[in-house]
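# Topology and contacts: notes
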Amino acid sequence: MLSLYSCFNGFAVSCLSEIKMILLIFLQALFCVRGRELLYKYCYEHGVPCKQTGKLIVATGPLEFSKLNELMNRGTQNGVDSLKMLEGFEAMKMEPELQCKKALLSPVSGIVDSHSLMLSLVGEAENNGTTFSYNSTVIGGHLEGNCLHLHIVESKDLENWNGDYPLQPELVLVPNLVVNSAGLSSLALAKRFHGLDSCIIPPGFFARGCYFTLSSTKVPPFEHLIYPIPEDGGLGVHVTLDLDGQLKFGPDVEWIDSIDDVSSFLNKYDYSVSASRAERFYPEIRKYYPNLKDGSLQPSYSGIRPKISGPRQSPIDFVIQGEDIHGVPGLVNLFGIESPGLTSSMAIAEHIASRFLK
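Just so we're clear, the structure is a prediction, and the values are computed from it rather than from any experiment.

So, how was this worked out
Residues numbered from 1 in each chain as written. Predicted model: local features only at pLDDT ≥ 70, side-chain atom pairs only at ≥ 80, totals over all residues. Heavy atoms only, no water. Pairing = 2+ DSSP bridges. Helix = DSSP H or I, 4+ residues; strand = E, 2+ residues; numbered from the N terminus. Axes fitted to C-alpha atoms, helices over the stretch in contact; angles between N-to-C directions. Contact = heavy atoms within 4.5 Å. Salt bridge = Lys/Arg side-chain N within 4 Å of Asp/Glu carboxyl O. Buried < 20%, exposed > 50% of the residue type's maximum accessible area, 1.4 Å probe, protein only. Expected span 1.5 Å × (residues − 1). Arc of directions from axis to C-beta. Polar contact = N/O pair within 3.5 Å; in protein donor to acceptor, adjacent residues only side chain to side chain. Phe/Tyr/Trp six-rings, centres within 6.5 Å; stacked < 30°, edge-to-face > 60°. Lys NZ or Arg CZ within 6 Å of the ring centre and 35° of its normal.

### Notes on the sheet that holds strand β8 (residues 147-154)
Reading across the sheet, the four strands line up as β9-β8-β7-β11 and stay open at both edges, with mixed pairing between neighbours. Whereas interior strands pair on both sides, the edge strands pair on one side only; in this sheet they are β9 (171-173) and β11 (193-194).

The structure is reproduced here in C-alpha coordinates:
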(Lines give C-alpha, C1' and ligand atoms only; values in the text may rest on other atoms or scores of the structure.)
Protein backbone atom coordinates (compact mmCIF):
# COMPACT_ATOMS: atom_id res chain seq x y z
CA MET A 1 0.00 0.00 0.00
CA LEU A 2 1.55 3.28 -1.09
CA SER A 3 0.54 6.85 -0.55
CA LEU A 4 -0.60 9.36 -3.13
CA TYR A 5 1.51 12.37 -2.29
CA SER A 6 0.55 16.00 -2.64
CA CYS A 7 3.93 17.21 -3.84
CA PHE A 8 5.28 19.61 -1.29
CA ASN A 9 8.07 17.63 0.36
CA GLY A 10 11.73 18.40 -0.26
CA PHE A 11 12.39 19.83 -3.70
CA ALA A 12 15.59 21.76 -2.91
CA VAL A 13 18.33 20.99 -5.42
CA SER A 14 21.95 21.92 -5.79
CA CYS A 15 22.46 23.53 -9.20
CA LEU A 16 24.79 26.01 -10.86
CA SER A 17 22.13 28.58 -11.52
CA GLU A 18 18.72 29.65 -10.31
CA ILE A 19 17.23 28.83 -13.73
CA LYS A 20 18.42 25.23 -13.53
CA MET A 21 17.07 24.99 -9.98
CA ILE A 22 13.64 26.21 -11.06
CA LEU A 23 13.55 23.75 -13.96
CA LEU A 24 14.47 20.78 -11.78
CA ILE A 25 11.99 21.73 -9.09
CA PHE A 26 9.34 22.20 -11.73
CA LEU A 27 9.69 18.65 -13.08
CA GLN A 28 8.99 16.84 -9.82
CA ALA A 29 6.28 19.26 -8.76
CA LEU A 30 4.58 19.05 -12.14
CA PHE A 31 4.68 15.26 -12.34
CA CYS A 32 3.49 14.78 -8.77
CA VAL A 33 0.45 17.03 -9.09
CA ARG A 34 -0.44 15.82 -12.59
CA GLY A 35 0.31 12.21 -11.64
CA ARG A 36 -2.03 12.32 -8.66
CA GLU A 37 -4.84 13.45 -10.93
CA LEU A 38 -4.13 10.74 -13.51
CA LEU A 39 -3.75 8.03 -10.89
CA TYR A 40 -7.03 8.76 -9.12
CA LYS A 41 -8.76 8.87 -12.50
CA TYR A 42 -7.23 5.57 -13.60
CA CYS A 43 -8.13 3.85 -10.34
CA TYR A 44 -11.74 5.02 -10.47
CA GLU A 45 -12.13 4.01 -14.14
CA HIS A 46 -10.48 0.58 -13.77
CA GLY A 47 -11.75 -0.46 -10.38
CA VAL A 48 -8.38 -0.27 -8.64
CA PRO A 49 -8.94 0.16 -4.88
CA CYS A 50 -7.92 3.58 -3.58
CA LYS A 51 -9.06 6.03 -0.93
CA GLN A 52 -8.64 9.76 -0.47
CA THR A 53 -7.75 9.73 3.21
CA GLY A 54 -6.15 13.14 3.53
CA LYS A 55 -2.81 13.81 5.21
CA LEU A 56 -1.66 15.85 8.18
CA ILE A 57 1.93 17.07 8.36
CA VAL A 58 2.49 17.96 11.99
CA ALA A 59 4.72 20.31 13.93
CA THR A 60 5.21 19.05 17.47
CA GLY A 61 6.97 22.18 18.71
CA PRO A 62 7.44 25.89 17.87
CA LEU A 63 10.85 25.26 16.29
CA GLU A 64 9.10 23.40 13.46
CA PHE A 65 6.56 26.13 12.64
CA SER A 66 8.79 27.81 10.04
CA LYS A 67 9.37 24.52 8.22
CA LEU A 68 5.64 23.83 8.20
CA ASN A 69 4.97 27.30 6.72
CA GLU A 70 7.64 26.65 4.12
CA LEU A 71 5.96 23.40 3.14
CA MET A 72 2.62 25.14 2.73
CA ASN A 73 4.11 27.91 0.60
CA ARG A 74 5.95 25.39 -1.55
CA GLY A 75 2.85 23.26 -1.98
CA THR A 76 0.76 26.28 -2.99
CA GLN A 77 3.39 27.33 -5.53
CA ASN A 78 3.43 23.81 -6.93
CA GLY A 79 -0.32 23.78 -7.49
CA VAL A 80 -1.47 21.54 -4.62
CA ASP A 81 -5.19 22.04 -3.99
CA SER A 82 -6.95 22.85 -0.73
CA LEU A 83 -4.00 23.07 1.65
CA LYS A 84 -5.00 24.38 5.06
CA MET A 85 -2.94 25.31 8.10
CA LEU A 86 -4.50 24.08 11.34
CA GLU A 87 -3.89 24.94 14.95
CA GLY A 88 -2.98 21.99 17.12
CA PHE A 89 -6.39 21.74 18.75
CA GLU A 90 -8.06 21.61 15.32
CA ALA A 91 -5.84 18.75 14.15
CA MET A 92 -6.25 16.88 17.44
CA LYS A 93 -10.02 17.24 17.16
CA MET A 94 -9.77 15.43 13.81
CA GLU A 95 -7.39 12.84 15.28
CA PRO A 96 -7.83 12.48 19.08
CA GLU A 97 -4.72 10.28 19.46
CA LEU A 98 -2.54 12.92 17.78
CA GLN A 99 -0.33 15.35 19.66
CA CYS A 100 0.89 18.46 17.83
CA LYS A 101 1.09 22.24 18.03
CA LYS A 102 0.19 22.92 14.40
CA ALA A 103 -0.58 20.85 11.32
CA LEU A 104 -0.81 21.24 7.57
CA LEU A 105 -3.84 19.46 6.11
CA SER A 106 -3.73 18.10 2.57
CA PRO A 107 -7.23 16.70 1.97
CA VAL A 108 -6.42 15.36 -1.53
CA SER A 109 -3.73 12.90 -0.38
CA GLY A 110 -4.65 9.23 -0.31
CA ILE A 111 -3.66 5.59 -0.63
CA VAL A 112 -3.82 3.03 -3.42
CA ASP A 113 -3.55 -0.74 -3.59
CA SER A 114 -0.25 -0.83 -5.49
CA HIS A 115 -0.42 -4.55 -6.29
CA SER A 116 -3.86 -4.22 -7.86
CA LEU A 117 -2.62 -1.17 -9.76
CA MET A 118 0.34 -3.11 -11.22
CA LEU A 119 -1.87 -6.03 -12.24
CA SER A 120 -4.29 -3.66 -13.93
CA LEU A 121 -1.51 -1.90 -15.82
CA VAL A 122 0.01 -5.20 -16.95
CA GLY A 123 -3.36 -6.43 -18.20
CA GLU A 124 -4.07 -3.21 -20.07
CA ALA A 125 -0.60 -3.22 -21.62
CA GLU A 126 -0.99 -6.81 -22.83
CA ASN A 127 -4.42 -6.02 -24.25
CA ASN A 128 -2.76 -3.30 -26.29
CA GLY A 129 -0.09 -5.58 -27.75
CA THR A 130 2.70 -5.34 -25.19
CA THR A 131 4.92 -8.39 -24.69
CA PHE A 132 6.58 -8.82 -21.29
CA SER A 133 9.80 -10.82 -21.35
CA TYR A 134 9.94 -12.35 -17.88
CA ASN A 135 13.02 -14.14 -16.53
CA SER A 136 15.21 -12.07 -18.83
CA THR A 137 17.75 -9.45 -17.77
CA VAL A 138 19.20 -6.52 -19.69
CA ILE A 139 22.89 -6.46 -18.72
CA GLY A 140 24.08 -3.57 -20.90
CA GLY A 141 24.35 -2.48 -24.48
CA HIS A 142 26.47 -0.77 -27.10
CA LEU A 143 26.13 1.91 -29.73
CA GLU A 144 26.39 0.80 -33.31
CA GLY A 145 25.35 2.84 -36.33
CA ASN A 146 23.91 5.51 -34.04
CA CYS A 147 21.53 2.93 -32.53
CA LEU A 148 21.55 1.40 -29.08
CA HIS A 149 21.83 -2.39 -29.09
CA LEU A 150 20.59 -4.02 -25.89
CA HIS A 151 22.38 -7.05 -24.41
CA ILE A 152 20.06 -9.61 -22.82
CA VAL A 153 20.58 -12.89 -20.96
CA GLU A 154 18.28 -15.32 -19.24
CA SER A 155 18.05 -14.51 -15.56
CA LYS A 156 18.81 -18.11 -14.55
CA ASP A 157 22.10 -17.96 -16.43
CA LEU A 158 22.94 -14.71 -14.71
CA GLU A 159 22.20 -16.37 -11.37
CA ASN A 160 24.75 -19.08 -12.19
CA TRP A 161 27.45 -16.68 -13.44
CA ASN A 162 30.54 -16.85 -11.21
CA GLY A 163 32.53 -13.95 -12.65
CA ASP A 164 35.28 -16.13 -14.10
CA TYR A 165 34.48 -15.05 -17.66
CA PRO A 166 33.00 -11.92 -19.29
CA LEU A 167 29.25 -11.76 -19.55
CA GLN A 168 28.10 -12.29 -23.11
CA PRO A 169 24.61 -11.47 -24.40
CA GLU A 170 22.40 -14.35 -25.44
CA LEU A 171 20.16 -11.96 -27.35
CA VAL A 172 20.76 -8.53 -28.86
CA LEU A 173 17.79 -6.26 -29.51
CA VAL A 174 17.83 -3.03 -31.54
CA PRO A 175 14.71 -1.11 -30.40
CA ASN A 176 13.57 2.26 -31.65
CA LEU A 177 13.16 3.55 -28.09
CA VAL A 178 14.71 2.40 -24.82
CA VAL A 179 13.41 3.78 -21.53
CA ASN A 180 15.88 2.95 -18.79
CA SER A 181 13.50 2.86 -15.84
CA ALA A 182 15.35 0.15 -13.95
CA GLY A 183 14.99 1.84 -10.56
CA LEU A 184 17.78 0.69 -8.24
CA SER A 185 19.69 -0.60 -11.28
CA SER A 186 19.21 2.35 -13.62
CA LEU A 187 22.61 3.92 -12.91
CA ALA A 188 24.46 0.60 -13.09
CA LEU A 189 22.74 -0.25 -16.37
CA ALA A 190 23.49 3.14 -17.92
CA LYS A 191 27.18 2.70 -17.08
CA ARG A 192 27.13 -0.56 -19.08
CA PHE A 193 25.84 1.16 -22.23
CA HIS A 194 29.16 1.33 -24.09
CA GLY A 195 29.36 4.57 -26.00
CA LEU A 196 27.28 6.56 -23.51
CA ASP A 197 29.29 9.37 -21.92
CA SER A 198 29.73 8.40 -18.27
CA CYS A 199 29.97 12.07 -17.30
CA ILE A 200 26.19 12.44 -17.65
CA ILE A 201 25.50 9.63 -15.15
CA PRO A 202 25.04 11.03 -11.62
CA PRO A 203 26.46 9.31 -8.54
CA GLY A 204 24.17 6.84 -6.82
CA PHE A 205 23.22 6.46 -3.17
CA PHE A 206 20.96 3.92 -1.52
CA ALA A 207 18.76 4.44 1.52
CA ARG A 208 16.86 1.54 3.05
CA GLY A 209 13.65 2.33 4.86
CA CYS A 210 11.96 -0.09 7.25
CA TYR A 211 8.31 -0.28 8.24
CA PHE A 212 6.76 -1.62 11.41
CA THR A 213 3.16 -2.74 11.84
CA LEU A 214 1.09 -1.63 14.81
CA SER A 215 -0.11 -4.80 16.51
CA SER A 216 -2.56 -5.54 19.31
CA THR A 217 -5.13 -3.01 18.18
CA LYS A 218 -8.56 -3.68 16.73
CA VAL A 219 -9.27 -0.07 15.73
CA PRO A 220 -6.52 2.00 14.09
CA PRO A 221 -5.71 5.11 16.14
CA PHE A 222 -5.65 7.31 13.02
CA GLU A 223 -7.84 7.81 9.96
CA HIS A 224 -5.50 10.21 8.15
CA LEU A 225 -1.94 9.78 7.02
CA ILE A 226 0.23 11.47 9.66
CA TYR A 227 3.62 12.88 8.69
CA PRO A 228 6.25 14.60 10.81
CA ILE A 229 8.45 17.36 9.41
CA PRO A 230 10.74 15.81 6.72
CA GLU A 231 14.19 14.65 7.79
CA ASP A 232 17.52 14.23 6.04
CA GLY A 233 17.10 11.63 3.30
CA GLY A 234 13.39 11.04 3.76
CA LEU A 235 9.97 12.17 4.92
CA GLY A 236 10.33 11.02 8.51
CA VAL A 237 8.74 8.05 10.29
CA HIS A 238 5.10 8.57 9.41
CA VAL A 239 1.75 6.84 9.71
CA THR A 240 0.48 5.04 6.65
CA LEU A 241 -2.69 2.99 6.29
CA ASP A 242 -3.79 0.26 3.94
CA LEU A 243 -7.29 -0.17 2.59
CA ASP A 244 -8.03 -2.82 5.24
CA GLY A 245 -7.28 -0.31 7.97
CA GLN A 246 -3.95 -1.82 9.04
CA LEU A 247 -1.55 0.83 10.26
CA LYS A 248 2.21 0.97 9.68
CA PHE A 249 4.96 3.32 10.75
CA GLY A 250 7.92 4.15 8.54
CA PRO A 251 10.14 4.42 6.76
CA ASP A 252 13.30 5.36 8.57
CA VAL A 253 16.53 6.19 6.70
CA GLU A 254 19.50 3.83 6.73
CA TRP A 255 22.21 4.64 4.22
CA ILE A 256 23.58 1.40 2.78
CA ASP A 257 26.42 0.46 0.44
CA SER A 258 25.87 -0.29 -3.20
CA ILE A 259 26.24 -3.83 -4.51
CA ASP A 260 27.82 -5.18 -7.69
CA ASP A 261 25.99 -4.70 -10.99
CA VAL A 262 24.89 -8.31 -11.46
CA SER A 263 23.53 -8.56 -7.93
CA SER A 264 21.71 -5.29 -8.54
CA PHE A 265 20.17 -6.61 -11.78
CA LEU A 266 18.96 -9.66 -9.84
CA ASN A 267 17.63 -7.43 -7.02
CA LYS A 268 19.76 -9.08 -4.35
CA TYR A 269 19.60 -6.14 -1.98
CA ASP A 270 19.04 -6.85 1.69
CA TYR A 271 15.40 -6.10 2.47
CA SER A 272 15.39 -7.68 5.92
CA VAL A 273 13.91 -5.75 8.84
CA SER A 274 15.66 -6.18 12.16
CA ALA A 275 13.31 -6.15 15.14
CA SER A 276 15.92 -4.12 17.01
CA ARG A 277 15.31 -1.11 14.76
CA ALA A 278 11.96 -0.65 16.52
CA GLU A 279 13.84 0.95 19.41
CA ARG A 280 14.62 3.87 17.11
CA PHE A 281 10.99 4.14 16.04
CA TYR A 282 9.36 4.47 19.46
CA PRO A 283 10.79 7.90 20.42
CA GLU A 284 10.15 9.33 16.95
CA ILE A 285 6.55 8.13 16.81
CA ARG A 286 5.78 9.24 20.38
CA LYS A 287 6.53 12.83 19.41
CA TYR A 288 3.10 12.86 17.73
CA TYR A 289 1.53 9.65 19.12
CA PRO A 290 2.41 9.60 22.84
CA ASN A 291 0.08 6.69 23.63
CA LEU A 292 2.13 4.21 21.62
CA LYS A 293 2.61 1.17 23.85
CA ASP A 294 5.88 -0.63 24.38
CA GLY A 295 6.11 -3.85 22.38
CA SER A 296 3.37 -2.88 19.95
CA LEU A 297 5.62 -2.53 16.88
CA GLN A 298 6.24 -5.63 14.76
CA PRO A 299 8.66 -5.81 11.78
CA SER A 300 6.82 -5.50 8.48
CA TYR A 301 8.86 -4.84 5.31
CA SER A 302 11.47 -2.52 3.85
CA GLY A 303 12.19 -0.71 0.63
CA ILE A 304 15.28 0.91 -0.85
CA ARG A 305 15.32 4.38 -2.36
CA PRO A 306 17.39 4.90 -5.56
CA LYS A 307 18.82 8.29 -4.61
CA ILE A 308 21.19 10.59 -6.49
CA SER A 309 22.02 12.72 -3.45
CA GLY A 310 23.68 11.43 -0.33
CA PRO A 311 23.63 12.08 3.42
CA ARG A 312 23.41 15.73 4.40
CA GLN A 313 23.19 16.78 0.74
CA SER A 314 20.30 18.77 -0.67
CA PRO A 315 17.72 16.48 -2.31
CA ILE A 316 17.96 16.31 -6.09
CA ASP A 317 14.90 16.13 -8.25
CA PHE A 318 13.90 13.52 -10.83
CA VAL A 319 16.37 13.30 -13.73
CA ILE A 320 14.96 12.51 -17.17
CA GLN A 321 17.62 12.41 -19.88
CA GLY A 322 16.93 12.29 -23.59
CA GLU A 323 19.11 12.62 -26.67
CA ASP A 324 19.46 16.36 -26.07
CA ILE A 325 21.41 15.55 -22.88
CA HIS A 326 23.45 12.46 -23.73
CA GLY A 327 23.44 12.43 -27.56
CA VAL A 328 22.16 8.86 -27.96
CA PRO A 329 19.09 8.62 -30.22
CA GLY A 330 16.24 6.55 -28.82
CA LEU A 331 17.46 6.40 -25.22
CA VAL A 332 15.67 7.89 -22.20
CA ASN A 333 17.32 7.53 -18.79
CA LEU A 334 15.29 7.91 -15.60
CA PHE A 335 17.45 8.52 -12.53
CA GLY A 336 16.52 9.18 -8.93
CA ILE A 337 12.85 8.30 -9.32
CA GLU A 338 12.16 7.75 -5.66
CA SER A 339 9.17 8.96 -3.64
CA PRO A 340 6.84 10.36 -4.95
CA GLY A 341 7.64 8.16 -7.96
CA LEU A 342 4.47 6.06 -7.79
CA THR A 343 2.24 9.11 -7.62
CA SER A 344 4.19 10.68 -10.49
CA SER A 345 4.42 7.53 -12.63
CA MET A 346 1.59 8.18 -15.07
CA ALA A 347 2.62 11.79 -15.54
CA ILE A 348 6.20 10.69 -16.26
CA ALA A 349 4.85 8.19 -18.80
CA GLU A 350 2.68 10.90 -20.35
CA HIS A 351 5.70 13.18 -20.62
CA ILE A 352 7.91 10.51 -22.20
CA ALA A 353 5.22 9.47 -24.67
CA SER A 354 4.55 13.04 -25.80
CA ARG A 355 8.21 13.98 -26.05
CA PHE A 356 10.03 10.87 -27.25
CA LEU A 357 7.54 8.66 -29.12
CA LYS A 358 7.54 9.47 -32.82
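### Quick notes on the sheet that holds strand β18 (residues 319-321)
Within the open sheet, the three strands sit side by side as β10-β19-β18. Their pairing is mixed. The sheet is open, and its two edges are formed by β10 (178-180) and β18, each paired on a single side. On average, adjacent strands in this sheet sit at an angle of 10° to one another, irrespective of strand direction. Across three bridges, β10 lies against strand β19 (residues 331-335) in parallel orientation. Counterpart to N180 in the pairing with β19 is N333. Lying over the sheet, helix α10 (residues 341-356) contacts β10, β18 and β19, oriented at roughly 155° with respect to β19.

### Here's the deal with the pattern of salt bridges
In the structure shown here, the tally under the stated rule is 17 salt bridges. Measuring nitrogen to oxygen at the nearest pair gives 3.6 Å for the salt bridge that ties R34 to E37. Here E37 and R34 lie together in helix α1 (residues 18-46), a separation of three residues that amounts to about one turn. Exposure remark for R34: the relative accessible area of 33% places this residue in the partly exposed category. With relative accessibility at 38%, the residue E37 sits in the partly exposed group. For E338, the salt bridge is made with K307, and the minimal N-O distance between the two is 2.9 Å. Taken together, the residues E338 in the loop between β19 and α10 and K307 in strand β17 (residues 297-307) connect sequence positions 31 residues apart. Neither residue differs from the other here; E338 and K307 are each classed as buried. Through salt bridges that share partners, R208, D252, E254, D270 and R277 make up one connected network.

### Quick word on helix α2 (residues 65-77)
Side chains three or four residues apart in an α-helix point the same way, a direct result of the helix having 3.6 residues per turn. Over its 13 residues, α2 runs 18 Å from end to end, which matches the ideal 18 Å to within 8%, given 1.5 Å per residue. Among the residues of α2, those classed as buried are L68, L71, R74 and G75. Looking down the long axis of α2, one finds its buried residues gathered within 125° of arc, a one-sided arrangement. Away from its buried face, by an angle of more than 90 degrees, α2 presents the exposed residues T76 and Q77. Of the surrounding secondary structure, the elements contacted by the buried residues of α2 are β3 (55-59), β4 (84-87) and β5 (102-106). Taken from the residues just after α2, G79 is the one with a positive phi, measuring 90°.

### Describing the side chain of H149
With respect to the element layout, H149 can be found in strand β8. A relative accessible area of 10% places H149 in the buried class. Of the polar contacts made by the side chain of H149, one reaches the backbone oxygen of C147; its length is 3.2 Å. When residues no more than four places from it in sequence are discounted, the contact partners of H149 are G140, G141, H142, E144, V172, L173 and V174.

### With respect to helix α8 (residues 278-285)
Burial in α8 covers these residues: A278, F281, Y282 and I285. The buried residues of α8 occupy an angular sector of 105° when the element is viewed end-on, so they sit on one face. Turned more than 90 degrees off the buried face of α8, the exposed positions are E279 and R280. Those residues of α8 that are buried lie in contact with β12 (205-214), β15 (247-250) and β17.

### Comments concerning the packing of aromatic side chains
Inspection of every chain in the model, using the stated rule, returns eight aromatic pairs. Both rings, one in F206 and one in Y269, keep their centres 5.6 Å apart while their planes meet at 40°; by these two values the pair is tilted. Remark: Y269 occurs in the loop between α7 (261-265) and α8 and F206 occurs in strand β12; sequence separation between them is 63 residues. A relative accessible area of 8% means that Y269 is categorised as buried. Grouped by ring-pair contacts, the aromatic residues F222, F249 and Y289 constitute a single cluster. The ring centre of Y227 lies 4.3 Å from the NZ or CZ of K55, which sits over that ring. The ring of F65 carries the charged tip of K102 above its face, separated from the ring centre by 4.9 Å.

### Details of the pairing of strand β14 (residues 238-241)
Judged by which residues are buried, β14 turns out to be covered on both faces: H238 and T240 on one side and V239 and L241 on the other are all buried. Examined bridge by bridge, β14 and β15 share four bridges and lie antiparallel to one another. By the bridge assignment, T240 is partnered in β15 with K248. Taking the residues between adjacent antiparallel strands as the criterion, β14 and β15 are bridged by five residues, where G245 takes a positive phi near 90°.

Keep in mind that these numbers describe shape and distance, not what the molecule does.
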